[in-house]
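Geometric and topological summary
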Amino acid sequence: MNASGATRSRALPVQARARRRHLKRFRRLLGPLSLLAIWALVTGLGVVSSEDLPSPWHTLHTARELISDGQLPSAMLISVRRVIIGLTIGTVAGVGLAVLASLGQLGDDLIDSSMQLLRTLPILAMVPLIVIWFGIGETPKVFIVALATAIPIYLNLYSGIRGTDRKLLDAARTLELSRLQIIRHVILPGAMAPFLVGLRYAAGIAWLVLVVSEQINATSGLGYLIVNAQNFLRTDIVVVGLVVFGILGLLTDAGVRALERRVLAWRST
Amino acid sequence: MTAWIEDPAAGVRVRGLRRAFDGRTVLGDVDLDIAPGEFVALLGASGSGKTTILRALAGLDPADAGTIDAPPRRAVVFQEHRLMPWKRVRANVALGLDREAVAARVDETLAEVGLSGHANAWPKTLSGGESQRAALARALVRRPELLLLDEPFGALDALTRMKMHDLVLRLWENHRPAVLLVTHDVDEALLLADRALVLVNGRIEGDYAIQALRPRQRTDPDLEATRDSLLSRLGVGSGSRDPRQLISLSLEERTL
């Protein structure tokens, strides 16, 4: 928002501001809602056959069935679990490597070049190798999610730490903070914003690589549900899977954004 | 290399301080003394090496040669507040202090600088003057024997600056640290300091006692003679009706 816009909205009374917020939320819903309307229209009018794309109602019906027979909940649970474990491991690894790389020349030389190399590699191209290493159990899925998410976390946190304001570091030194205190009170909080950008990015990537790996070598999870449905030409199940992926992706993003609002409260106000 | 001696009872004693960047001499053989509790202003144009001296005293930069005796508890207020934006004002002031007895002392200091009402505010919400008061509180809460002020009022508007002058004087009178105020504002030095040093091209070229009683007025006739000598030592002719404007002009020219 530009400066004059900010001044104007500050001048508005509280009620008007709340109304404006509601209006904005409504406008943001308008896009997805019209997509839904188009979907209903093209399938309802028979422009697209139901084998190619089922109608929204048909999809909803299939979703109910999949929920009541337990297929969807169990597939979701498995996929969500893989994302959470993989993302957690990836985050811990990314943070650890970024801290090690940015605090000393030795760490920088050893770690940063390898990470920069790894980032240019399309991670999904490693799936065959990972299957050879780990077979088709849980390990390869979690491994690939961890690997793919560690990279954006590392890159963003590393540049965040490198970008620490020297003036604040000087101030911290005049306050006689120890090295550990400087990391805790100056460097890491300052790198929090780029870290969260990396986390948001990583959360998106986590779903992406998970689906692909579940479609290649899995017997469970949402990706498997979709590929399996494709074999039986069950377009409706494929679409349900896609919608669920969309919802899970949105929820993950909203979660990171909520975290952002909490942790970066000092930036707004 | 600099040799450091830290003695809490003694003031500041700097001998033969030298510093060069890329072969260019910034400080050449600076000698500097500040008695305990003395308020010294260090005047000079931009690039004269004032900040280099202050940073050496703060322990931020090493010097190439010389000895520095300074009390162990030193605190710095910079031109920008340099508060951690992610910590509320109270946490900023308490940063680096040992836990015991901190809370009471932090609140006491915040009250002293008139920021009690802002203890829970984020630095971003403070005005320029408030931020500098918070920075002063962060320095004072450490009970420094030496307070280093690096043009702390330079970025403030004229009215706020006058209020900050009063505040700094009051705090100094209550706590009596030795003070080194780095500034390019001759009037600021005349209003606040016991002594004004003039730094020209990395050498201290003048040392003037300012004996007028505080609180001083800018128009105080006792300050007139000192102002003239300071200005001429800084290479600015006196005789202008508005020495402040003249000196800022001239100082800018010097840095070109």
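This write-up is about the structure you can find in this document. (Residues numbered from 1 in each chain as written. Chains lettered and ligands numbered in written order. Predicted model: local features only at pLDDT ≥ 70, side-chain atom pairs only at ≥ 80, totals over all residues. Heavy atoms only, no water.)

**Describing the overall build of chain A**
When helices and strands are counted, chain A shows 12 helices and 0 strands. Element order for chain A, N to C, with α for helix and β for strand: α-α-α-α-α-α-α-α-α-α-α-α. Taking 2.2 N^0.38 as the reference for a compact globule, 269 residues should give roughly 18 Å; the C-alpha atoms of chain A span a radius of gyration of 23 Å, well beyond that estimate. Across its three principal directions, the C-alpha atoms of chain A cover 70 × 60 × 30 Å. Put simply, chain A has 269 residues, and 40% of those count as buried. Long-range contacts, defined as pairs at least 24 residues apart, comprise 71% of the intrachain contacts of chain A with a sequence gap of at least 6. Placing the 27 positive and 15 negative side-chain charges of chain A at their respective mean positions leaves the two points 14 Å apart. (Helix = DSSP H or I, 4+ residues; strand = E, 2+ residues; numbered from the N terminus. Rg over C-alpha atoms; globule rule 2.2 N^0.38 Å. Buried < 20%, exposed > 50% of the residue type's maximum accessible area, 1.4 Å probe, protein only. Contact = heavy atoms within 4.5 Å. Lys, Arg positive; Asp, Glu negative; His and termini not counted. Charge placed at Lys NZ, Arg CZ, Asp CG, Glu CD.)

**Notes on unusual backbone geometry**
Trans is the common state for peptide bonds, and a negative phi is the common state for residues other than glycine. Residues and elements named next belong to chain B. Put simply, R214 and P215 share a cis peptide bond, and its omega is -5°. Within the element layout of this structure, P215 appears in the loop between β10 (203-209) and α7 (221-233). Here R176, not a glycine, exhibits a phi torsion of approximately 50°, which is positive. Looking at the secondary structure, you find R176 in the loop between α5 (158-175) and β8 (178-183). With phi around 50°, N201 is a residue other than glycine that occupies positive phi space. Relative to the helices and strands, N201 resides in the loop between β9 (195-200) and β10. Given the relative accessible area of 58%, N201 is considered exposed.

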